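Observations on the model geometry
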Amino acid sequence: MKIQISILFSVFLLITSCKVKSQSKEASNIEIKNQTETKGTVSILEKEFVIKNLNNVSHKVWLYLPPNYTTSKEKYPVIYMQDAQNLFDAKTSFAGEWGIDETLNKLYNKTKKGFIVVGVENGGEKRIEEYTPWSNTKYGGGKGDVYSDFLVNTLKPYIDNNYKTKSSAENTAIIGSSLGGLISFYTGLKHPKVFGKIGALSTSFWFSSKVNSFADKHANLKNTKLYLLVGDKEGASMVPDTENMAERLVDNGFEAKNIKTKVAANGTHTESFWKSEFLETITYLFNL
């Protein structure tokens with residue numbers, strides 16, 4: 001009898017133990033599920049763009065859509081960016097990716113604010129001519145106005161017609177770095193009714209002195225927001241060039257409250273620097 005009781009008790013403990021383990025495993029699965037972040041999607045458009053009067057390069061366009069894009073009826077602000085090879089994928093990047101999708105996924109999961117990002121690949125060896133509105137005696141260039149017009153008259157209308165965008169200038173930003181910062185600065189100032197927010201990171205203002213007269217002419221903007229970033233380890237002229245440009249703009253009518261200049265300690269002319277500053281850039285531009 002004692003043996004039977006002992007056996008029955010052992011069986012009871014075994015059954016109870018299995019139930020506890022099962023419940024523990026189920027609780028563990030629930031916890032993991034709650035910790036899972038929703039992710040947006042990154043793709044390359046099937047349509048490629050050969051830009052008339054620029055060059056014969058077929059430009060690929062990368063697209064990031066926020067995590068709730070397919071399940072929501074809402075429309076989204078759009079960020080147009082240069083050098084798409086460097087934005088999302090380390091394998092295609094020049095020297096490391098910006099991690100745009102990871103940053104925006106985290107932002108969405110924290111705030112539920114979503115963005116569409118449109119990244120245009122540069123033309124490789126044609127990059128200088130694409131991103132410079134004026135020529136340089138040493139480096140050439142000077143077809144940036146053609147590229148700028150492509151963004152305004154061809155690419156943006158295509159994106160607005162095919163995706164759920166908030167198409168107004170106040171919901172549209174243009175961001176780039178180095179020469180990409182120069183063409184973003186140029187395009188944003190020249191077309192304020194299209195791009196209401198400009199992120200000019202480590203901008204190559206040194207490329208042509210004509211940028212100064214251009215800024216004087218287009219500075220009188222009341223609604224455009226501008227974020228100027230430069231690192232103090234980028235080269236002797238980068239910081240003064242950036243600070244002088246900010247002062248020039250304000251002197252010629254740009255709203256001082258709508259411009260922010262950041263000189264980052266130990267900031268270098270690298271993809272990793274711009275990656276680390278991207279969230280702060282859009283935080284200012286979009287009042288996040």
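Each chain has its residues counted from 1, running along the sequence as written. Per-residue local features are limited, in this predicted model, to residues with pLDDT of at least 70; the limit for side-chain atom pairs, both in listing and counting, is 80 or more; totals at the level of whole chains, interfaces and linings are taken over all residues. Note: side-chain values were computed over all heavy atoms of the structure, leaving out hydrogens and water.

Turning our attention to the overall build of the protein chain. Only DSSP runs of H or I reaching four residues or more are called helices, and only runs of E reaching two or more are called strands; each is numbered from the N terminus. Assigned secondary structure in the protein chain consists of eight helices and ten strands. Summary of the burial criterion: residues with accessible area below 20% of their type's maximum are buried, those above 50% are exposed, and those between are partly exposed, where the area comes from a 1.4 Å probe applied to protein chains only. Each of the 288 residues in the protein chain was classed as buried or not, and the buried ones make up 49%. Residues count as neighbours in contact if any of their non-hydrogen atoms are within 4.5 Å of one another. At a minimum sequence separation of 6, the contacts of the protein chain that also span at least 24 residues come to 73%. Residue-level accessible areas treat just the shown protein chains as cover; the underlying method is Shrake-Rupley with a 1.4 Å probe. Of the roughly 14,800 Å² of accessible surface on the protein chain, 52% is carried by carbon and sulfur atoms.

With that settled, the discussion passes to empty space enclosed by the protein. Points on a 1 Å grid, built from protein atoms alone, make a cavity when a 1.4 Å probe fits but cannot get out and make a pocket when they are open with protein on both sides within 12 Å along at least 5 of 7 lines; residues with an atom within 4 Å of a point are the lining residues. Grid points are joined across faces, edges and corners, and a volume is the space filled by probe spheres set on the points. One pass over the full model with this rule turns up one cavity of 30 Å³ or more. Of the volumes computed, that of the largest cavity is approximately 40 Å³. By residue class, the composition of the lining of the largest cavity is two nonpolar, four polar and two charged. Residues are grouped as follows: Ala, Val, Leu, Ile, Met, Phe, Trp, Tyr, Cys and Pro are nonpolar; Asp, Glu, Lys and Arg are charged; all remaining types, including Gly, are polar.

What follows deals with unusual backbone geometry. In this structure, Asn 53 takes a positive phi of about 70 degrees despite not being glycine. In this structure Asn 53 comes out as exposed when scored by relative accessible area, which is 62%. Look at Asn 287: it is not a glycine, yet its phi comes out positive at around 55 degrees. If you trace the backbone, Asn 287 turns up in the segment after α8 (271–285).

Here the focus is the pairing of strand β7 (residues 172–177). Summarising burial for β7: six of the six residues are buried, a large majority. The alternating pattern of β7 places Thr 172, Ile 174 and Gly 176 and Ala 173, Ile 175 and Ser 177 on opposite faces, both of which are buried. Strands were regarded as paired on the criterion that DSSP finds at least two bridges between them. Relative to β7, strand β5 (residues 78–81) runs parallel, the two sharing four bridges. If you follow Val 78 over to β7, its bridge partner there is Thr 172. With five bridges connecting them, β7 and strand β8 (residues 197–201) associate as parallel partners. Bridging across to β8, Ile 175 finds its partner in Gly 199.

Time to look at the layout of surface pockets. In this structure, the second largest pocket encloses a volume near 180 Å³. Forming the boundary of the second largest pocket are Ala 169, Glu 170, Pro 192, Lys 193, Gly 196, Lys 197, Leu 221, Lys 222, Asn 223, Thr 224 and Lys 225.

Before going further, it helps to examine the packing of helix α4 (residues 144–162) against helix α5 (residues 179–190). Angles shown run from 0 to 180 degrees and are taken between the N-to-C directions of axes, each axis being a line fitted to C-alpha atoms and, for helices, limited to the stretch in contact. Relative to each other, α4 and α5 sit at 60 degrees, their axes nearing to 10 Å. Judged by the angle between their axes, α4 and α5 are oblique. For the element pair α4 and α5, the recorded crossing hand is right-handed. Facing Gly 144, Asp 145, Tyr 147, Ser 148, Asp 149, Leu 151 and Val 152 of α4, the residues of α5 in contact are Ile 183, Tyr 186, Thr 187 and Lys 190. Classifying every residue of the contact of α4 with α5 by side-chain character gives five nonpolar, three polar and three charged. With respect to orientation, any angle under 35 degrees is reported as roughly parallel, any angle over 145 as roughly antiparallel, any angle of 65 to 115 as roughly perpendicular, and every other angle as oblique. Handedness of a helix crossing follows the sense of rotation of the near helix relative to the far helix, less than a right angle counterclockwise being left-handed and clockwise being right-handed.

Moving on: the sheet that holds strand β9 (residues 225–231). Pairing is mixed in the open sheet, where eight strands are placed in the order β1-β4-β6-β5-β7-β8-β9-β10. The strands lining the two open edges of the sheet, one partner per strand, are β1 (41–44) and β10 (259–264). For this sheet the average axis-to-axis angle between neighbouring strands, irrespective of direction, equals 15 degrees. Where β5 and strand β6 (residues 116–120) come together, four bridges link them in parallel fashion.

Next up on the list: the confidence of the model for the protein chain. With 87% of its residues at a pLDDT of at least 70, the protein chain reaches an overall mean of 89. Every residue in residues 1–35 is under pLDDT 50, and counting partners more than four places away or in other chains gives zero contacts. The score called pLDDT rates the predictor's confidence residue by residue, from a low of 0 to a high of 100.

Side-chain rings of Phe, Tyr and Trp (the six-membered ring for Trp) are treated as a pair once their centres are within 6.5 Å; stacked means planes under 30 degrees apart, edge-to-face means over 60, and tilted covers the remaining angles. All chains considered together, the criterion is met by 16 aromatic pairs. For the ring pair Trp 134 and Phe 214, a centre distance of 5.7 Å and an interplane angle of 65 degrees mean the geometry is edge-to-face. In this pair, Trp 134 sits in the loop between α3 (127–131) and α4 while Phe 214 sits in helix α6 (residues 210–218), placing the two residues 80 residues apart along the sequence. The class for Trp 134 is buried, based on a relative accessible area of 14%. We classify Phe 214 as buried; its relative accessible area is 8%. Their ring planes at 85 degrees and their centres at 5.1 Å tell us that Phe 185 and Phe 205 sit as a pair that is edge-to-face. One end of the pair, Phe 185, is in helix α5; the other, Phe 205, is in the loop between β8 and α6, and 20 residues separate them in sequence. Assessed through its relative accessible area of 0%, Phe 185 is described here as buried. An aromatic cluster is built from Phe 49, Tyr 131, Tyr 147, Phe 150 and Tyr 158, whose rings are joined through pairwise contacts.

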